[in-house]
Amino acid sequence: MSYWFDKHVKWIYPLPAVLFVALMMVFPIGYTFWLSFNEWSMSNVAPPLWVAFENYKELFADELFRQSLWTTFYFTFIAVAVQTVLGVLLALLLNAHFIGKGIVKTLFLLPMVATPVAIGLVWVLIYEPNVGVANIFLQVMGLPAQEWLASPDLVLPSLIIIDVWEWTPMIALIVLAGLVSLPKDPYEAAIVDGANRFQIFWKITLPLLQPTIYSAVLLRLIDALKTFDIIYATTQGGPGTSSQTLNIYGYVLGFQYFQLGKASALLMVFFAIVLALSILVIFLRKKVGVSI
Amino acid sequence: MIKKRMKLIFMSLAVYLILFIFIAPFLWMVLASFKTQQQILDTSNLLAITPSFSNFVNVFTQYEFMGFIGNSFLVAVASTFLGLLLGLPAAYSIAKYKQNGLGLLILVARIVPGISFLIPWFIIFSKLELIDTYTALTLSHVLVTMPFIIWVMIPFFESLPGELEESARIDGCTTTGALIRIILPISGPGIITASILAFIFSWNNFMFSLILAGENTKTLPIAIFNFLSYSEINWGGLMAASVIITLPVLIIALFMQRYIIAGMTGGAVKG
């Protein structure tokens, strides 16, 4: 018995974890897929009704769906682009000599480990039109007060600011780790050749850092696409539907309107988008030779 | 010499200025948690506080936060423990036998949006009458904790010298014996990193608890969120509650800084 166990340990060890993932994730996703071809509002009286592609047709004809698709990409790409640039700059700054490096690095961790819901609620107070510090700050600068989360035009930029605040440190810390492990030789050669700082950064540091920046960005892209906690805690997709991402719209359709078929169709589209992006990531990762 | 010192001071000031921007929301949260509602609504003097713990006292007496803290703690500990139980052998096997395909499967579990299986979970757990039980919550959180544990542990196990296990085998240990007696005891730092991260991610989890928790099992993030639904927002109470929920995570982060950076950014710099 123990001999048999020992011989097959390679398969026995991962088995519980694999079974768990199959039971808790793979099977439910299959269930969502099946539901997406049915009309059902979870009442026990009427069973699910097979409607083939009706839900998908309905979904793509839905103005709100297209809007949430746009919102998701707009939020994701702007937020990640801004935090990448700021993150690299912050990493360069943190790589310099300064007093209290250890504790400063620790404090930069706080936005990314703190509970997102709590963070969201703090930002609700910061953005509060009458008593929030964001408007007080604008007043001091002599600028007009803003509606921040309550204005349809401003809500997405406001949410992007939160995301940038929360995740710039993550990119900075990854890039910083990359900076520390860069080889020294190219720099010595460049200094001998009389290159200036900007040239050194542009011609040596940035190309050498490229794989690291790359994997940090891809990691963030996948997670930003799925942002839920911050948006739900601050605006729940509002005002109206102006900050409704695919994630939030799926939740609203499923758990507020109980349109389980249509919600499932939306979730399958969302799932496909995330998976496609991830496969692209894994493919590109192999190409540039980095690991996430 | 003086120029060098000037540069150091200038750099430090620049870093602290930027750090301040990233820390300011936390400072604002703490400041507001000690203010009365009246002081929060009065914007003419932002720093006016008569330090009082009344918000914190209220949170515990009126809103029974002790129960929510208990729920969050119980679920986070249980799901971390279960995650270790399932994840450690899996990670060891993936590292030792180079099962990259399996590793990829676990990566997928980390990538897939949680909401894509939320509806079936709600249906299945309703049918099993497991909504509002610790069982359902813990199981759902294991789907968060386990992939993290596996992904932190794979590179850790890979970095252990292979001779360790070989010599244990020569002494007559089975693979399992070697894992339990040799590998796991020397993997303390790795297991601690993995557990801390798993605990934090479970503690912070909102989406799964939102649909699976009920009155009896409500975790902190859900309880805090419910503060918003009152007609006039009790800002002081809300901020006190936010302080309470973030405090454990902040303390962990302060003491385990090195491990957390390694775990959160793990693997991203290898290339």
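Residues numbered from 1 in each chain as written. Chains lettered and ligands numbered in written order. Predicted model: local features only at pLDDT ≥ 70, side-chain atom pairs only at ≥ 80, totals over all residues. Heavy atoms only, no water.

## Here we look at the interface of chain A and chain B
Okay, so step 1: In this assembly, 97 residues from chain A lie in contact with 94 residues from chain B.
Okay, so step 2: When the two sides are added together, the surface that chain A and chain B hide from each other amounts to roughly 8500 Å², 80% of it contributed by carbon and sulfur.
Okay, so step 3: Along the contact surface separating chain A from chain B lie 1 salt bridge.
Okay, so step 4: Here A:Asp223 ties to B:Arg110 by a salt bridge, and the two come within 3.1 Å at their closest N and O atoms.
Okay, so step 5: Taken together, the links from chain A to chain B amount to 13 residue pairs in polar contact (both at pLDDT 80 or more).
Okay, so step 6: Broken down by element, the residue count for the side of chain A that touches chain B peaks at 13 residues, all from helix H3 (residues 15-35) of chain A.
Okay, so step 7: A per-class count over the side of chain A that touches chain B returns 69 nonpolar, 19 polar and 9 charged. (Contact = heavy atoms within 4.5 Å. Buried area = accessible area lost by both parts, 1.4 Å probe. Salt bridge = Lys/Arg side-chain N within 4 Å of Asp/Glu carboxyl O. Polar contact = N/O pair within 3.5 Å; in protein donor to acceptor, adjacent residues only side chain to side chain. Helix = DSSP H or I, 4+ residues; strand = E, 2+ residues; numbered from the N terminus. Nonpolar A, V, L, I, M, F, W, Y, C, P; charged D, E, K, R; others polar.)

## Observations regarding the pattern of salt bridges
Okay, so step 1: On inspection of all chains with the given rule, the structure shows 6 salt bridges over all chains.
Okay, so step 2: Residue A:Lys57 pairs with A:Glu54 through a salt bridge whose shortest N-O separation is 3.6 Å. Highlighted residues: A:Lys57 and A:Glu54, both in helix H4 (residues 54-61), separated by 3 residues, approximately one helical turn.
Okay, so step 3: On the accessibility criterion, A:Lys57 (55% relative accessible area) is exposed.
Okay, so step 4: A salt bridge links A:Asp62 to A:Lys262; its shortest N-O distance comes to 3.0 Å. Of the two residues, A:Asp62 sits in the loop between H4 and helix H5 (63-95) while A:Lys262 sits in helix H14 (residues 260-288), which places them 200 residues apart along the sequence. Judged on exposure class, the residue A:Asp62 and its partner A:Lys262 are both buried.
Okay, so step 5: Bridged by salt links that share partners, the residues A:Asp223, A:Lys226 and B:Arg110 form one connected network. (Buried < 20%, exposed > 50% of the residue type's maximum accessible area, 1.4 Å probe, protein only.)

## Describing the packing of helix H7 (residues 116-127) of chain A against helix H9 (residues 155-180) of chain A
Residue and element names in this part refer to chain A.
Okay, so step 1: Between H7 and H9, the shortest axis-to-axis distance is 11 Å and the interhelical angle comes to 130 degrees. In terms of orientation, H7 lies oblique with respect to H9. For the element pair H7 and H9, the recorded crossing hand is right-handed. Packed against H7, whose contacting residues are Pro116, Ile119, Trp123 and Tyr127, the element H9 presents Ser158, Ile161, Ile162, Trp165 and Glu166 at the interface.
Okay, so step 2: Split by residue class, the contact of H7 with H9 holds 7 nonpolar, 1 polar and 1 charged. (Axes fitted to C-alpha atoms, helices over the stretch in contact; angles between N-to-C directions. Parallel < 35°, antiparallel > 145°, perpendicular 65-115°, else oblique. Left-handed = near helix turned anticlockwise from the far one by under 90°.)

## What to know about the side chain of A:Asn135
Okay, so step 1: Locating A:Asn135 in the fold gives a position in helix H8 (residues 133-140).
Okay, so step 2: A:Asn135 has contacts with A:Glu128, A:Pro129, A:Ala145, A:Gln146 and A:Trp148, leaving out every residue within four places of it along the chain.

## A few points about the UniProt feature "domain: ABC transmembrane type-1" (unreviewed entry) in chain A
Okay, so step 1: In the numbering used here, UniProt assigns the "domain: ABC transmembrane type-1" (unreviewed entry) feature to residues 69-281 of chain A.
Okay, so step 2: When the span residues 69-281 of chain A is considered, its composition is 76% helix and 0% strand, and the gap between its end C-alpha atoms is 20 Å. (UniProt positions renumbered as here; feature names shortened; annotations may be inferred.)

## Quick notes on the packing of aromatic side chains
Okay, so step 1: Counting across every chain of the model gives 39 aromatic pairs over all chains.
Okay, so step 2: Arranged with centres 5.3 Å apart and planes meeting at 15 degrees, the rings of A:Phe228 and A:Tyr232 form a pair that is stacked. Comparing A:Phe228 with A:Tyr232 shows no difference in burial state: the two are buried.
Okay, so step 3: With centroids separated by 6.4 Å and ring planes inclined at 35 degrees, the aromatic side chains of A:Phe228 and B:Phe206 adopt a geometry described as tilted. Within this pair, whereas A:Phe228 is found in the loop between helix H11 (197-225) and helix H12 (229-234), its partner B:Phe206 is found in the loop between helix H10 (188-204) and helix H11 (207-212), the two belonging to separate chains. This pair shows no difference in class: A:Phe228 is buried, exactly as B:Phe206 is. (Phe/Tyr/Trp six-rings, centres within 6.5 Å; stacked < 30°, edge-to-face > 60°.)

## A word on the packing of H4(A) against H5(A)
All names here are of chain A.
Okay, so step 1: At their nearest, the axes of H4 and H5 sit 5 Å apart, and the two run at 70 degrees to each other. On the basis of the axis angle, H4 is roughly perpendicular to H5. For the pair formed by H4 and H5, the contact residues are Leu59, Phe60 and Ala61 on the first element and Glu63, Phe65 and Arg66 on the second.
Okay, so step 2: Class assignment for the residues of the contact of H4 with H5 results in 4 nonpolar, no polar and 2 charged.

## Here we look at unusual backbone geometry
Okay, so step 1: Following A:Gly238, the chain continues to A:Pro239 via a peptide bond in cis, the omega torsion being -5 degrees.
Okay, so step 2: Relative to the helices and strands, A:Pro239 is located in the loop between H12 and helix H13 (246-255).
Okay, so step 3: The residue B:Lys98 is not glycine, and still its phi comes out positive at about 50 degrees.
Okay, so step 4: With respect to the secondary-structure elements, B:Lys98 resides in the loop between helix H4 (65-96) and helix H5 (100-111).
Okay, so step 5: Classification of B:Lys98 as exposed rests on a relative accessible area of 60%.
Okay, so step 6: Unlike most non-glycine residues, B:Glu129 shows phi in positive territory, near 55 degrees.
Okay, so step 7: Structurally, B:Glu129 can be placed in the loop between helix H6 (118-127) and helix H7 (134-159).

## A short note on a nonpolar patch on the surface
Residues and elements named next belong to chain A.
Okay, so step 1: A surface patch of nonpolar side chains, about 400 Å² in accessible area, is lined by Ile78, Val82, Val85, Leu86 and Leu89.
Okay, so step 2: Inspection of the secondary structure assignment puts Val85 in helix H5.
Okay, so step 3: A residue is classified by how much of its surface remains accessible, and Val85, at 53% relative accessible area, is exposed. (Patch = residues over 30% accessible without salt bridge, like charges linked within 9 Å, V, L, I, M, F, W, Y side chains within 5 Å. Areas by Shrake-Rupley, 256 points an atom, 1.4 Å probe, with all protein chains shown as cover.)

## Describing the UniProt feature "transmembrane region" (unreviewed entry) in chain A
Residues and elements named next belong to chain A.
Okay, so step 1: UniProt's entry tags residues 12-34, 73-94, 106-126, 154-179, 200-222 and 263-284 with the feature "transmembrane region" (unreviewed entry), counted in the numbering of this structure.
Okay, so step 2: Across residues 106-126 one finds 90% helix and 0% strand; the C-alpha atoms that close the span lie 24 Å apart.
Okay, so step 3: The span residues 263-284 shows a helical share of 100% and a strand share of 0%, and its end C-alpha atoms are spaced 31 Å apart.

## As for the environment of B:Trp235
Okay, so step 1: Structurally, B:Trp235 is set in helix H13 (residues 235-255).
Okay, so step 2: In this structure the C-alpha to C-alpha distance between B:Trp235 and B:Lys35, which are 200 residues apart in sequence, comes to 8.9 Å.

## Side note on the confidence of the model for chain B
Residues and elements named next belong to chain B.
Okay, so step 1: The share of residues in chain B with pLDDT of 70 or more is 96%, and the mean pLDDT across the chain is 88.
Okay, so step 2: Here helix H14 (residues 257-264) is the element of chain B with the lowest mean pLDDT, 74, and H4 is the one with the highest, 96.
Okay, so step 3: Counted against residues more than four places away or in other chains, residues 267-271, with its pLDDT under 50, gives 15 contacts. (pLDDT = per-residue confidence, 0-100.)

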